[in-house]
Amino acid sequence: MSGVRKSLAKVEIALRWDPSPAGTPAHDLDIIAAVYTAADPHGEPAHLVHFGSRSPDGTITLNRDSQTGQGFGYDEVMTLELNRMAPELARVVVGVVIQDTGPRGARTKTFAAIGGTGIRIREGYTDLAVGDFAGVPTATAATVAQFMRDAAGGWSLDAAVRGFDADPGEFVRIMGAARP
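Small disclaimer: the values here were computed from a predicted structure and weren't measured.

Rules behind the numbers
Residues numbered from 1 in each chain as written. Predicted model: local features only at pLDDT ≥ 70, side-chain atom pairs only at ≥ 80, totals over all residues. Heavy atoms only, no water. Helix = DSSP H or I, 4+ residues; strand = E, 2+ residues; numbered from the N terminus. Buried < 20%, exposed > 50% of the residue type's maximum accessible area, 1.4 Å probe, protein only. Core = buried A, V, L, I, M, F, W, Y, C linked by side-chain atoms within 4.5 Å. Pairing = 2+ DSSP bridges.

Colleague: Honestly, the environment of alanine 178 in this entry has me stumped. Any pointers?
Modeller: For alanine 178, the position within the fold is in the segment after helix 1 (168-174). On the basis of relative accessibility, which here comes to 54%, the residue alanine 178 falls in the exposed class. With 136 residues separating them in the primary sequence, alanine 178 and histidine 42 have C-alpha atoms 5.6 Å apart.

Right, dumping it as structure tokens:
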């Protein structure tokens, strides 16, 4: 999953995974979007969008949320209306985190433990990127897309899966940091 696409307007990010085996705790993966300003594109997010929330301006919504991975096709879907975002918003980083709190808060699940993972980024009926988490088997969270606004106001996509070993709280603090 890689590549850069330009002139994006309304994009859908979809996530799928297989349910956990019977008798074991459910696999719960969540899509998270962090929005950054042009003044601080790698600092603190202007806002976060995740399960149970949406962006204050309504340009990012989580349309479908699954806590088990049960169902056909993609289990979670997030829509980003990039063309409607305020001009001062210049970067959106989208990630996926495994919601797993084991004994005493220990992180026990990684992407290797969850079968059938998949991520799809599309605009309209055109797939911009399709992938999975096989390349980050020991990670507990991953960024999957970065959308950036250029000087002319157009949005581009850099789609790449980058793994993190972080709990959900830590992940939202570091997911948008500048990459080496």
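Colleague: I keep staring at the nonpolar core and nothing clicks. Help me out?
Modeller: Membership of the largest hydrophobic core comes to 37 residues, with the highest contact counts inside it found for Val92, Val94, Ile121 and Phe147. Here this core takes 5 residues from strand 7 (residues 89-98), the largest share from any one element. With 10 residues, the next largest nonpolar core counts Ile32, Ala34, Tyr36 and Phe171 among its residues.

Colleague: Can you help me understand the pairing of strand 7 in this one?
Modeller: Within a regular strand, side chains alternate between the sheet's two faces. Of all 10 residues that make up strand 7, 10 are buried, and the element is covered over most of its length. With 9 bridges joining them, strand 3 (residues 29-37) and strand 7 adopt antiparallel strand pairing. Bridge pairing in strand 7 places leucine 29 opposite isoleucine 98. Relative to strand 10 (residues 141-149), strand 7 is paired through 7 bridges, and the arrangement is antiparallel. In the strand pairing of strand 10, valine 97 is matched with alanine 141.

Colleague: Is there a simple way to explain the pairing of strand 10 in this structure?
Modeller: When you tally the buried positions in strand 10, you get 7 out of 9 residues, the bulk of the element. Strand direction decides the pairing type here: strand 10 and strand 11 (residues 155-164), joined by 8 bridges, are antiparallel. Paired with phenylalanine 147 across the two strands is leucine 157, which belongs to strand 11.

Honestly, it's all geometry; don't read function into it.
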